[in-house]
Amino acid sequence: MSIGDTAIAFVGQSGRGKSTIAALMCASGAELVTDDVLVVESGNPVMCTGGAPELRLRTKAFGLADAMSGASSRRTADDRLAVAPRTAPLRSFRLGAIVIPSPDHDSTTISVSTIAPADAVFAMLRFPRVYGWRDPQVLGRDFETLGSIVNGVAVHNVTVPWGPPFSSEIAPAIAGLIGT
């Protein structure tokens, strides 16, 4: 997601609400950078580039497509709804925050905890979508790169009350994490 020149990345295994939260943010005015693979480059600042122009929503989140003005949608082969909201231009963005969503059906409030960089490396390693962690030839390089990234970008665990209906407070709370 991008808000101006700054992006927010969502990390987690399938079913953690990454695309649903992205849809909520798009409905609140953010632009989609990518739904699935985000290329992240360590440095000062940490930069990222996306690509995929659609969000793939599960059945319970289909209603969010209606809240995205001008978005087109189609059904996918895996019975999801692919929604093409307003997308950010294909370019690099400063990565302002990394969010590990924790949807909670019993929660009524949004809870944010910032993860210390040393712990953030290991929190990120739990998710198999972090590229290359099983390839022994790149493991050392990738571990060092991830360490550099989490030292430059705050990683947050965000517990969100989970719907539907989805709280209108989710998108602004996550947008507020940029640069924290």
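An account of the accompanying structure is given in this report. (Residues numbered from 1 in each chain as written. Predicted model: local features only at pLDDT ≥ 70, side-chain atom pairs only at ≥ 80, totals over all residues. Heavy atoms only, no water.)

### Looking at the overall build of the protein
In terms of helices and strands, the protein carries four helices and ten strands. Secondary structure of the protein in N-to-C order comes out as β-β-α-β-β-β-β-β-β-β-α-α-β-α. Here the C-alpha radius of gyration of the protein, 16 Å, is about what a compact globule of 180 residues would show, namely 16 Å. Its C-alpha atoms give the protein principal-axis dimensions of about 45 × 35 × 30 Å. Buried residues in the protein amount to 46% of all 180 residues. Long-range pairs, those at least 24 residues apart, make up 71% of the contacts in the protein with a sequence separation of at least 6. Counting every atom, the protein has about 9,200 Å² of accessible surface; 51% of that belongs to carbon and sulfur. (Helix = DSSP H or I, 4+ residues; strand = E, 2+ residues; numbered from the N terminus. Rg over C-alpha atoms; globule rule 2.2 N^0.38 Å. Buried < 20%, exposed > 50% of the residue type's maximum accessible area, 1.4 Å probe, protein only. Contact = heavy atoms within 4.5 Å. Areas by Shrake-Rupley, 256 points an atom, 1.4 Å probe, with all protein chains shown as cover.)

### Structural notes on the pattern of salt bridges
This structure, assessed with the given rule, holds six salt bridges. For the salt bridge of R74 with E54, the shortest nitrogen-to-oxygen distance reads 2.8 Å. One end of the pair, R74, is in strand β6 (residues 72-75); the other, E54, is in the loop between β4 (47-49) and β5 (55-57), with 20 residues separating them in the sequence. Judged by its relative accessible area of 43%, R74 falls in the partly exposed class. A relative accessible area of 23% means that E54 is categorised as partly exposed. We note a salt bridge from D78 to R56, for which the minimum N-O separation is 2.2 Å. Here R56 lies in strand β5 and D78 lies in the loop between β6 and β7 (81-84), a separation of 22 residues in the sequence. Taking the relative accessible area as the measure of exposure, D78 reaches 38% and is therefore partly exposed. It is possible to trace a salt-bridge network through shared partners that takes in R56, D78 and R80. (Salt bridge = Lys/Arg side-chain N within 4 Å of Asp/Glu carboxyl O.)

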